[in-house]
Every structure is written in C-alpha cells, then in structure tokens.
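Coordinate inspection notes
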Amino acid sequence: MQPQGYRKFRGIRAQTKPMVLQTEPACAEFNEEPNDSWDLIRGSGKMVYVRKKAPTMAMGLFRVCLVVVTAIINHPLLFPRENATVPENEEEIIRKMQAHQEKLQLEQLRLEEEVARLAAEKEALEQVAEEGRQQNETRVTWDLWSTLCMILFLMIEVWRQDHQEGPSPECLGGEEDELPGLGGAPLQGLTLPNKATLGHFYERCIRGATADAARTREFLEGFVDDLLEALRSLCNRDTDMEVEDFIGVDSMYENWQVDRPLLCHLFVPFTPPEPYRFHPELWCSGRSVPLDRQGYGQIKVVRADRDTLSCICGKTKLGEDMLCLLHGRNSMAPPCGDMENLLCATDSLYLDTMQVMKWFQTALTRAWHGIAHKYEFDLAFGQLDSPGSLKIKFRSGKFMPFNLIPVIQCDDSDLYFVSHLPREPSEGTPASSTDWLLSFAVYERHFLRTTLKALPEGACHLSCLQIASFLLSKQSRLTGPSGLSSYHLKTALLHLLLLRQAADWKAGQLDARLHELLFFLEKSLLEKKLYHFFIGNRKVPEAMGLPEAVLRAEPLNLFRPFVLQRSLYRKTLDSFYEMLKNAPALISEYSLHVPSDHASLPQKADVL
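Residues numbered from 1 in each chain as written. Predicted model: local features only at pLDDT ≥ 70, side-chain atom pairs only at ≥ 80, totals over all residues. Heavy atoms only, no water.

Our focus in this paragraph is the confidence of the model for the protein chain. Averaged over all residues, the pLDDT of the protein chain equals 77, while 70% of them reach at least 70. Of the regions scoring below 50 in pLDDT, residues 329–337 engages in 14 contacts with residues more than four places distant in sequence or in other chains. Low confidence marks residues 423–427, where pLDDT is under 50. Its contacts with residues over four positions away, or in another chain, come to 24 contacts. (pLDDT = per-residue confidence, 0-100. Contact = heavy atoms within 4.5 Å.)

Dropping the structure here:
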C-alpha cells in the first residue's frame, strides 16, 4: 500500500511528456527548414536535429519538486497526532449537535405548552366574559319581568279591594272542591283510630266533662249575680262606672270544654256615668295603625251632651289664639279629677287598660267583703296579669276557677273591647295601655248556635273540636305551651263549617272530619296563614249583623307572629307534629276495652 503523497507524485510523473527527438529525415518529412529552434546533434555517424525545450524542462522539474514536497508534508507518519484527532472531533461535534437538538426540542415543547396555556386562559376569560354578559342580560330581563309582575299584582290587588264582592281566596274557599283534599300523604302519614275507638274514647274522656259543665255554669252564674249586685250597691251612680249583667262566652257556653278544671269566661260590660259616653275607634276606621295593631282599637271618653266629634275642634289641635265658638276651651275635656275617675290615661281622653284593671279588682274585692259571710268558701285572685281571674277555694281543698272580664261594648253591636282575654290570641303585649283587643266571642257563640240548626241530628262538628282540643291540651302538658291554642282550632272549625255541606257533618263521619280539621290546621301552619273568621270575610251570613267596617276590613292573619318569630314558629310546628305522632297511642290508651260491635257516636248537646 503506497502513501497518498506517492500516488499524487505518480500522477504527476505520468503526465510528464518525454523529449521529442527527431532525425533529419524526419525533419524533412515536415517540409520545414531547420531554423533557430532546432539544435544539431552529431553523433554515431548521424546528425540529428533536436527541438529546443529548455523552458519546458524547467517547469517540469519545478512540478516534480512541488509534488515531492507536498507528498512529504501530507505523509501520515509526519504528523500522526493531528491526523488522528479528526475522527474524535467529528464525534464530539455530533454529540454536541444532538444535545443541542434535544435542548431545542425541549424548548419547543415548553413553548408549545406555554402557548396552549395562554390560549386556554384566553378562552376561559372569553367564556367568563360571555357568561357575565349573559347574566347581565338575564338579570335585566328578570328585573323587567319582576317589575311587570309586581305592577300586575298591585293592579289585581287594587281591583280586588275596590270591586271584588267576596273575601280573598287565600282567606276562604267558596266551594267544597276548594277544600284541601285528603289524598296524598298529609299529616306525615297520620292514621287515626276507627270509628268505634273514637266513639268509645269520646264517651270515656270527653262526654263526662260536658255533663259536668251544666252544673258548674249553674253554680257560678248564681254566685256572680250576687257578687255583681253587691258591687253595684257600693258604687255611686253619679261618679262611678255602671256595671251591667254578665255574658257567658267561650267553650263552657259553646259545649266543647274538655280541660280540667272547668273554666268559665264571663264578660262584664260597664259604662261611664252621665253625661259621658264611650266612643270606640276601630283600627279599620280610617286611622293608620301598624300591622301588629290590627284587631285592636281605642276608646275615647266624650260628653254625650256636647257633640265635639262632629266639630273641627274635636279633630284638630287649635292654637293658643284660637277658640271654638260652639265649644269653649273648658268644654273640650272633663276636668283632670274627672278624667282620673273615668279611668283615662294621663293627659289623654282615651280609656286606659291598666286603670280599668285596678278599678275592677278593687271593686270586686270590696263587693266580696260585703257578701263573704254568706258563703262557706273563700274567693281569691288567680292571675295577676288578668284583671278578673278569680278562684273559689272550698274547705275540702277543691277549687273552681273562673274569669270575670271587664269589657266595653262597641256601639250597638255584639263586639266587645277587652283589656286581656287569655283564650283569644293576642300578638304580644299592646304597645300602648290605651289599646283594647276586639273580641268576637259573642258572634262566635251565635254562629255555632245558628249553624247547629242546619246540621243533621247528632252532628260531629263539636266532637271534632273537643278531640283536637284534648290532644292539644295533653301535648302542652308534655312539651309546654306553644304558639298554637284552642282558639286556633276553633277558628279552623268555623272555616270548615262555612265551606262544608251540612250532610258532611253526620255522626258517622267523625273520623273523616277530624282528619280534615287537623289537615287544615297543618296547611295553615306550613303557610303561616290562618285568617280570622269574621274580619274581612264577606261570606259570613248577613243574619250575623256584623258591622260593615269589619266586613270591609282586610283579612287578619292570626299566624302573623310566626312570620316574625322563627323560634316560636319552629317550636309550634315541632309540638304540632309531636301531637300528631302521639295521637293514635293516646286515643288508644284512653279507649281500653273497646266493644266488639260498632258503637254509635254520642248525641251532642245543643249549644246554649
């Protein structure tokens, strides 16, 4: 194997042309005469012409030397290290290029991920902006619809108040099909006992209390007559209040009392001495009152011989330099001493409930001291917050409670203003001592007595009320009192009596009507709406003789305190459902030894 330089040298040598030697005959062949470019060479008996090639030879030698030098320089043995590093440098360069390529690929991946992230963020921002724009459009649309609905609701409400003849459909339903159905799962799946169990339960636990009520009423009426007569004898008719005959109201006089001991409620109307009179002012008489004062009124004391109510001086406050020509300054109001005797509030013409309570308790105490020697029992006040809560204590240790409640008649109607009535719901303590609660107890008794004439013999309406009141009383003893009272049960029954047909109250339908009464009460509790039976109810028969102002008034929601007091509402709802849960077991426990045959339901006594 020859070196590379040697191969190059051989290539150069191969290209070197030899000198041209031509003889004279040859020269003659060219037909050219010899000149200076030819040299004559003599030898061996011949004469030879040789072409002059001096410059060509020099160039050839130079080329030979150049080839030799190049071969020496490029020989591999002369510079072995430099020639050996060429492959190593190429591998390192390749490795560096591969590493650089990997870095570029990683950087490219990172950039692609960054671009994807930025694109996702941009898309998210665009989506959020689009959702915000859609929400704004939806909110604007919703606000528009809310405004239109509110305007429509107000228009309907105004039309209803001005033109509708009947009461609000929320207050009452006009037909039987508007009643709450018994389908579905109302009352949390309550299953009442059968008719025989209910009938036996009524006989053992309720009918006995009804039989004792007549004897209790007879005894108390005789005693109260004597007590009030003694009170009148001690009063001065010229300066003191005049007490009228009592009026029996509530469950004892409506024949559905079940609580023990039996409790009578007696209204005692009183009137001022002449020449004064009471002028009642209802909450719906045109004056503006808060919502929690609806159902209340004020009683103004005026002189009957001086009709200041029709004069402007009785409605506006005159200045110091003005004087009414019809009524002098001194005739505007009674003297201060007379106002105190008339039980008015300080610096006011309106009757004060606290003053009336003090006067009535003092008068009863004086009257009892005058007749105490005639009886073999003691008389004491029962509750300090009720002006006429009394208790007869016998020597045997038994006692008989009753309530004498001072009331004021509202004009010539059967409405009465009371300072406090435990059985009727009141929305808390009155804001002012001049606020009097309006009682419809006499109208309620009259409605039950009128309705009984149209019902079948032995109707079960009062039996339903008695059983429901019994369950509520037992539950109150277990869990304590709640916002639900027997007056609410009575109000619910009055609504059902007005809605149901007379044939639906037959004795054999006691279980169905009791279930419906409890369901009606549950629905009212869940909706927080139980409207007063008389106020704003135009479906009440005209024969009742209610004042027109009461019929035109807005319906009064008896469950309005539940809207404002959440804790009271939660306690009442829990107590109600606990009562429903305990009802089957309680009725069964009080109805042991049920007869095998179907016992007929007892006949109800007429309302007195």
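Residues other than glycine predominantly adopt negative phi, and peptide bonds predominantly adopt the trans conformation. Note that the residue after arginine 260, namely proline 261, is joined by a cis bond; omega there is 0°. The topology assignment puts proline 261 in the loop between strand S5 (247–249) and strand S6 (264–271). The omega torsion across glutamate 274 and proline 275 is 10°, close enough to zero to call that bond cis. Backbone geometry places asparagine 255, a non-glycine residue, at a positive phi of 65°. Mapping asparagine 255 onto the fold places it in the loop between S5 and S6. Despite not being glycine, lysine 528 shows a phi value in the positive range, around 55°. Looking at the element boundaries, lysine 528 is found in the loop between helix H12 (510–527) and helix H13 (548–552). Judged by relative accessible area, which is 23%, lysine 528 ranks as partly exposed. (Helix = DSSP H or I, 4+ residues; strand = E, 2+ residues; numbered from the N terminus. Buried < 20%, exposed > 50% of the residue type's maximum accessible area, 1.4 Å probe, protein only.)

The subject of this paragraph is the packing of aromatic side chains. Tallying each qualifying case throughout the model produces 24 aromatic pairs. Plain terms: the ring middles of phenylalanine 223 and tyrosine 375 are 5.2 Å apart, the flat faces sit at 85° to each other, and that makes the pair edge-to-face. Of this pair, phenylalanine 223 sits in helix H6 (residues 207–234) while tyrosine 375 sits in the loop between helix H8 (353–371) and strand S9 (377–381), and the two are 152 residues apart along the sequence. You can call phenylalanine 223 buried: its relative accessible area is 2%. The class of tyrosine 375 is partly exposed, set by a relative accessible area of 23%. With centroids separated by 4.9 Å and ring planes inclined at 80°, the aromatic side chains of phenylalanine 533 and phenylalanine 534 adopt a geometry described as edge-to-face. With respect to class, phenylalanine 533 is no different from phenylalanine 534; both count as buried. Grouping aromatic residues by their ring pairs yields a cluster made of Phe219, Phe223, Trp368, Tyr375, Phe377, Phe394 and Phe402. The ring centre of phenylalanine 399 lies 5.0 Å from the NZ or CZ of lysine 391, which sits over that ring. Positioned above the aromatic ring of tyrosine 569 is the side chain of lysine 528, whose terminal nitrogen or guanidinium carbon lies 4.4 Å from the ring centre. (Phe/Tyr/Trp six-rings, centres within 6.5 Å; stacked < 30°, edge-to-face > 60°. Lys NZ or Arg CZ within 6 Å of the ring centre and 35° of its normal.)

A few words now on the packing of helix H5 (residues 195–205) against helix H10 (residues 461–479). Two elements in contact, H5 and H10, have axes whose closest approach is 11 Å; the angle formed by their N-to-C orientations is 75°. As judged from the angle between their axes, H5 and H10 are roughly perpendicular. When H5 is examined against H10, the residues Leu198, Phe201 and Tyr202 are found in contact with a partner set consisting of Ser463, Gln466, Ile467 and Phe470. When the residues that make up the contact of H5 with H10 are grouped by side-chain class, the tally is five nonpolar, two polar and no charged. (Axes fitted to C-alpha atoms, helices over the stretch in contact; angles between N-to-C directions. Parallel < 35°, antiparallel > 145°, perpendicular 65-115°, else oblique. Nonpolar A, V, L, I, M, F, W, Y, C, P; charged D, E, K, R; others polar.)

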